[in-house]
Amino acid sequence: MTNKLIIFEPEDRTNLVTNPRLADNATGYLDNGATILRSLSRARWGRASLEVVTDGVGLQEGAYFRLDPQTQNTFYGGSVYVRGTGIVRARLADGTNGIEFSTERLTLDDNHWTRLEVLGRTGGNLSNDLRLYVETVGSIQSVTFYLDGFQIEANSHVTTYIDGDLELDLDRHEGDAYFRWTGTRNASSSTRSVRFRPAGRAFLSSRTSAFTSPRRPEPECPRSG
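If you're wondering where the values come from, they're calculated on a predicted model, not measured in any experiment.

A. Structural context of unusual backbone geometry. A positive phi angle is found at Leu-22, which is not glycine, with a value near 50 degrees. Mapped onto the elements of the fold, Leu-22 is located in the loop between β2 (13–15) and β3 (29–32). For Leu-22, a relative accessible area of 0% puts it in the buried group. The phi dihedral of Gln-60 falls on the positive side, at around 55 degrees, and the residue is not glycine. Assessed through its relative accessible area of 32%, Gln-60 is described here as partly exposed.

B. The arrangement of the pairing of strand β6 (residues 62–67) in detail. A large share of β6 lies buried, amounting to five of its six residues. The pairing of β3 with β6 spans four bridges and is antiparallel. When the bridges of β6 are listed, Asp-31 appears paired with Ala-63.

C. The arrangement of the sheet that holds strand β15 (residues 190–192) in detail. Sheet architecture is open: three strands sit in the order β2-β15-β14, paired in antiparallel fashion. The sheet terminates laterally at β2 and β14 (179–181), the two strands that pair on one side only. When strand polarity is set aside, the average angle formed by the axes of neighbouring strands in this sheet is 20 degrees. Both β2 and β15 contribute to a ladder of three bridges, which runs antiparallel. Bridge pairing links Thr-14 to Thr-191 in β15.

D. Geometry of the side chain of Ser-39. Along the chain, Ser-39 turns up in strand β4 (residues 34–39). Leaving out residues up to four positions away in the same chain, Ser-39 has contacts with Arg-47, Ala-48, Ser-49, Glu-51 and Tyr-146.

E. Highlighting the pattern of salt bridges. Tallying each qualifying case throughout the model produces 12 salt bridges. Put simply, Arg-13 and Glu-11 hold a salt bridge, and the shortest N to O gap is 2.8 Å. In this structure Glu-11 comes out as buried when scored by relative accessible area, which is 9%. The partner of Asp-110 in a salt bridge is Arg-83, and the shortest N-O contact between them spans 3.0 Å. Placement of the pair is Asp-110 in the loop between β10 (106–107) and β11 (114–121) and Arg-83 in strand β7 (residues 75–84), with a sequence separation of 27 residues. Through salt bridges with shared partners, one network takes in Arg-89, Arg-91, Glu-100 and Glu-135.

Rules used in this analysis
Residues numbered from 1 in each chain as written. Predicted model: local features only at pLDDT ≥ 70, side-chain atom pairs only at ≥ 80, totals over all residues. Heavy atoms only, no water. Helix = DSSP H or I, 4+ residues; strand = E, 2+ residues; numbered from the N terminus. Buried < 20%, exposed > 50% of the residue type's maximum accessible area, 1.4 Å probe, protein only. Pairing = 2+ DSSP bridges. Axes fitted to C-alpha atoms, helices over the stretch in contact; angles between N-to-C directions. Contact = heavy atoms within 4.5 Å. Salt bridge = Lys/Arg side-chain N within 4 Å of Asp/Glu carboxyl O.

Dropping the structure here:
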C-alpha cells in the first residue's frame, strides 16, 4: 500500500497580518458587500473568528485584510482558514497596480476548516495597498461563513500558520522563543523561527509499504481552542 507523509522544511517567516486570530477584536478587517463581526461560535486558532454574512445582492461579497507593504515586484503568499456555507475563493490584490491573483472556487461546509492558499505579487510601482480577500464567486449568494488564521507572508510559496501566541501552546524549551509578536500582542506582525522543526513549507511524500501500520498523527503547528 502507499502511505502519505507530510514533510516540513523549516523556514524563518513573518506573518504580516496584525490580528490573525481575532483574539480581542476585529481590527484591520473590512467588509465588501457583507456584514462582518467577531464571533465566538467558531474558532480555528484561539477562541474567535470573523463571521461574514453576505448581503446577497452582488458577486464577490465577503471580507478582506489590507496591508501597506511599500514594495514592488515582490512575491507574497496569502492563506486563511474558512468554513460555513457558500462557494468562495481567496484573492490577493495589489490595488496600487491593479493586479490580482485568486484560488479555485471552494464549496464550503460547516463541519471542518479548510485552508485557502493563494500566491501573488506586487506590481512594478511601489504598492501601498495589498489585500487578502475571501469572497463569494460564481453566483449571487446569501450565505454565512467564518474566517480565521489570516496570513500574508513575503514569500514565493505559502508556509504553515504563524502567530506569536503559538509559543504559549508549546512545552518549555531551551533557547529563544520559536514564535514571537514583533510588537503588541495580537496587534502586530509575528515571526516563526527556523529552529521550530514541525512547521514551514509542507511537502507531501508517498512511500510504498507491504504492510499496514498504525496511523500516526501528522506533525502540525500547535493549536489552541
